[in-house]
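The primary structure of each chain is shown beneath.
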Amino acid sequence: MGNSDPVLSLLKDFSYLVVRLPRTGIKPLQVLEKQGNDVVVLGDLSDLFKTGSAALPSIGTDEQAAFINGRRTRDLKISVGLTLLGGIIGAMTGTKLSLDVGYKKASALAFEFDDVKVSQINQIQLSKFLTAAKIDESVGPPAKLLDADELYVITNTIKSKKFTVDALREGGASAEVNVPIIKAAVGGSVAVKTEGGSASKVSYQGDTSLVFGFQAARMEFENGVFKGLKQVSPGSVGLRGISGRRAEEGQDTDFEMLQTDGPFVNLFDHLPESKTKASRKTVNLKASQGRAKTSTKKVNAKGGTKKSPSKKGRAQKSASHKSAKKSPRKR
């Protein structure tokens, strides 16, 4: 079955996996764990292995990515496109912005990439390193995930400072973008301008290159012995919005961009398992406390409250009632 998430297919035509929230701090030789349709960064390869007779491969210098420069992605419906664009602008400015007001006439967006740089490693050297290296058992659970073939390594990344967005109406005609409103919202830290004399095509350029795509390979092990690398299919997974790194400083983020086609979203579905359990316990505890407080009060006809009688009070009342029933009535 194909994946229904449109973002995952964004870079499929270029044989790349998508970064849901483009940012810095993503690089080759980082280790990933698959969680559903996403992968998350666990750390560097050197954190997981003890070097043997073969050295860790070096990351190559940035080179022009001619295969993607000037190329256009598939069209994304406006809600999905604006979520992705908002993430890019947020990484450029450090501020979460809504650009909906500038794209009121559009029903879809397509992205184009300029001055894209590619950074990669030699996979033959990577195989040599993994063959000679020993798993560092002190890292705990991640070491066990290797034998389960659930860990991946980034082999290639693409990044750019400039992202161009083409706005489209239903049917594919160009949609005019309100550039002055967008400029006012974004501020001076991002250069915003129309491209090619078209009011529908707008470019956004920041000061720092943001990684928006990557390639990765699954590390296959059996009883701690390296068996090979298997390339991850483009469009099968994406790098989660929560990366554990801030775009400008490589530090922890405290937000994640969520996407939904409906008016509501179940936040528990987007939390790591440990946080989900903790959150559900908190919710259940608060609900129980609320029910407990409600059960100790009764609302009277005048709108006031009356405390429920204590066990001692109920016992005394019951005893009095029984005594009254046993006493003979005077004639």
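We now turn to the structure provided with this report. Note that the structure is predicted; figures quoted are calculated from it, not measured.

**Some thoughts on the overall build of the chain**
1) Next: Broken down by element type, the chain carries seven helices and 16 strands.
2) Next: Burial statistics for the chain: of 331 residues in total, 38% are counted as buried.
3) Next: Sequence separation of 24 or more characterises 76% of the internal contacts of the chain that already satisfy a separation of 6 or more.
4) Next: When the accessible surface of the chain is summed, it comes to about 19200 Å², and 50% of that surface belongs to carbon and sulfur atoms.

**A closer look at the packing of aromatic side chains**
1) Next: Under the counting rule described, the total for this entry stands at seven aromatic pairs.
2) Next: Aromatic pair Tyr-16 and Phe-67: ring centres 5.7 Å apart, planes at 5 degrees, arrangement stacked. Here Phe-67 lies in the loop between strand E5 (63–64) and strand E6 (76–77) and Tyr-16 lies in the segment before strand E1 (17–23), a separation of 51 residues in the sequence.
3) Next: The class of Tyr-16 is buried, set by a relative accessible area of 3%.
4) Next: A residue is classified by how much of its surface remains accessible, and Phe-67, at 36% relative accessible area, is partly exposed.
5) Next: Connected via pairs of aromatic rings, a cluster forms that spans Phe-49, Phe-129, Phe-221 and Phe-226.

**Remarks on the environment of Val-225**
1) Next: For Val-225, the position within the fold is in strand E13 (residues 225–231).
2) Next: Here the alpha-carbon distance between Val-225 and Lys-134, two residues 91 residues apart in the chain, equals 8.5 Å.

**With respect to unusual backbone geometry**
1) Next: The residue Asp-149 is not glycine, and still its phi comes out positive at about 55 degrees.
2) Next: Along the chain, Asp-149 falls in the loop between helix H4 (141–147) and strand E10 (151–168).
3) Next: Assessed through its relative accessible area of 24%, Asp-149 is described here as partly exposed.
4) Next: For Asn-223, which is not glycine, the phi dihedral falls at a positive 55 degrees.

**Side note on helix H2 (residues 78–93)**
1) Next: For H2, which comprises 16 residues, the first-to-last C-alpha distance of 22 Å matches the rise-based estimate of 22 Å (1.5 Å per residue) to within 8%.
2) Next: Most of H2 is tucked away: 13 of the 16 residues are buried.
3) Next: Phi turns positive, to about 80 degrees, at Gly-94, one or two residues after H2.

**Topic: helix H5 (residues 179–186)**
1) Next: All of the buried residues in H5 are Val-179, Ile-182 and Val-186. The buried residues of H5 all sit within an arc of 60 degrees when viewed along its axis, so they share a single face. Turned more than 90 degrees away from the buried face of H5 sit Pro-180 and Ala-184, all of them exposed.
2) Next: Against the buried residues of H5 lie H2, strand E11 (191–195) and strand E12 (198–222).
3) Next: If you check the start of H5, you find a side-chain oxygen 3.3 Å away from the backbone N of Ile-181, and it comes from Asn-178.
4) Next: Positive backbone phi, approximately 90 degrees, marks Gly-187, located one or two places after H5.

**Structural notes on the pattern of salt bridges**
1) Next: Considering all chains together, one arrives at 12 salt bridges under this definition.
2) Next: With its nearest N and O atoms 2.7 Å apart, the salt bridge here joins Asp-38 to Arg-20. Taken together, the residues span a long stretch of sequence, with Asp-38 in strand E3 (residues 38–44) and Arg-20 in strand E1 at a distance of 18 residues. Grouping residues by exposure puts Asp-38 and Arg-20 together as buried.
3) Next: Lys-159 is the salt-bridge partner of Asp-62, the closest N and O atoms lying 3.0 Å from each other. Within this pair, whereas Asp-62 is found in the loop between strand E4 (49–50) and E5, its partner Lys-159 is found in strand E10, the two being separated by 97 residues in sequence.
4) Next: Among the ionic contacts, a cluster of salt bridges with common partners joins Arg-72, Asp-75, Glu-112, Asp-166 and Lys-201.

Reading the values: rules and limits
- Residues take numbers from 1 onward in each chain, read along the sequence in its written order.
- Selection of residues for local features in this predicted model requires a pLDDT of at least 70, selection of side-chain atom pairs for listing and counting requires 80 or more, and totals for whole chains, interfaces and linings are taken over all residues.
- To obtain the side-chain values, all non-hydrogen atoms of the structure were used and water was disregarded.
- Elements are defined by DSSP. Helices are runs of H or I of four residues or more, strands are runs of E of two residues or more, and each kind is numbered from the N terminus.
- Whether a residue is buried, partly exposed or exposed follows from its accessible area with a 1.4 Å probe, protein chains only, as a fraction of its type maximum: under 20%, in between, or over 50%, in that order.
- Every residue pair with non-hydrogen atoms within 4.5 Å of one another is taken to be in contact.
- For the area figures, the Shrake-Rupley method with a 1.4 Å probe applies, and any residue is considered shielded solely by the protein chains shown.
- Two rings belonging to Phe, Tyr or Trp (six-membered ring only in the last case) form a pair when the distance between their centres is within 6.5 Å. Interplanar angles under 30 degrees mark stacking, angles over 60 mark edge-to-face geometry, and anything in between is tilted.
- Here, expected helix span is obtained from the residue count minus one, scaled by 1.5 Å.
- Directions are taken from the helix axis to each C-beta atom, and the arc is the one they span.
- Polar contact is defined as a pair of N or O atoms within 3.5 Å, subject to the rule that within protein one atom must be able to donate a hydrogen and the other to accept it, and that residues adjacent in sequence are counted only when both atoms are side-chain atoms.
- Any carboxyl oxygen of Asp or Glu within 4 Å of a side-chain nitrogen of Lys or Arg constitutes a salt bridge here.

That's the geometry; what it means functionally is another story.
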